[in-house]
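# Architecture at a glance
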Amino acid sequence: DGTRLDTSASPDVPRLCGVALNAYLTMLLDTGTLHCDPHPGNLLRDTSGRLVILDWGMTLDVPRDLQYALLEFIAHINTNDLDKVPQDFVNLGFTPPDKLEKVQSSGITDGLSFMLRQLSAGGGPSKIRERVKEEFVARYGDVSDQELRDRARAEMLQRMEAQLASEGVD
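A brief structural summary. (Residues numbered from 1 in each chain as written. Predicted model: local features only at pLDDT ≥ 70, side-chain atom pairs only at ≥ 80, totals over all residues. Heavy atoms only, no water.)

### Some details on the pattern of salt bridges
Enumeration according to the criterion identifies 12 salt bridges in this entry. Among the salt bridges present, the one from R4 reaches D6, with a minimum N-O distance of 2.9 Å. Judged by relative accessible area, R4 falls into the partly exposed class, the value being 36%. Since its relative accessible area comes to 45%, D6 is described here as partly exposed. As a salt-bridge pair, R139 and E135 come within 3.7 Å of each other at their nearest N and O atoms. Taken together, the positions of R139 and E135, both in helix 6 (residues 124-140) and 4 residues apart, correspond to about one turn of that helix. Relative accessible area serves as the criterion here: at 41%, R139 is assigned to the partly exposed category. (Salt bridge = Lys/Arg side-chain N within 4 Å of Asp/Glu carboxyl O. Buried < 20%, exposed > 50% of the residue type's maximum accessible area, 1.4 Å probe, protein only. Helix = DSSP H or I, 4+ residues; strand = E, 2+ residues; numbered from the N terminus.)

### Notes on the environment of I77
Structurally, the position occupied by I77 is in helix 2 (residues 64-78). The sequence separation of I77 and E161 amounts to 84 residues, and the corresponding C-alpha distance is 27 Å. Those residues in contact with I77, other than ones at most four positions away along the chain, are L82, V85, L112 and L116. (Contact = heavy atoms within 4.5 Å.)

### A short note on helix 7 (residues 145-166)
Taking 1.5 Å per residue as the helical rise, helix 7 with its 22 residues ought to reach 32 Å, and the 32 Å between its terminal C-alpha atoms agrees with that figure. By the burial criterion, the buried members of helix 7 are L148, A152, E155 and Q163. The buried residues of helix 7 occupy one face: seen down the axis, they fall within an arc of 70 degrees. Exposed positions of helix 7 whose direction lies more than 90 degrees from the buried face are Q158, E161 and A165. Buried residues in helix 7 make contact with helix 4 (100-105) and helix 6. Phi for G168, located one or two positions after helix 7, is positive at around 80 degrees. (Expected span 1.5 Å × (residues − 1). Arc of directions from axis to C-beta.)

And the structure:
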């Protein structure tokens, strides 16, 4: 018996969200068994203020080498050591080892760095929007919002086309 965390009015919900995060990190990085269905309906606050995680029908065994690779990835992100992220993608199985050089030269860490910098500063979507606009104004000048979007889009397309050309794709 309990209340969904996302609808509970209890003042201890932020603490329980922290407990949930710690529980998932412990599952992922310590026990090696991960609950794979953490949607809001499966996270409850019981009547005594404890976290309840429901529906253990979908779990995943996480091998030790993957646990270690995830720890390295998280450490590299937290320390802004983004030059090591392409190797982390190989270690995590996202990138074949023979494609490492392409990933390293692709500029993916630039986009990842930008995104993580915005998320880590907090403040929700409206604050992120403000910071992104400030960064774009610094990069492209004090122009209209539409011109900012157009210039950012043009730069992104130019980078994408350059990447495709470097890989021999027309």
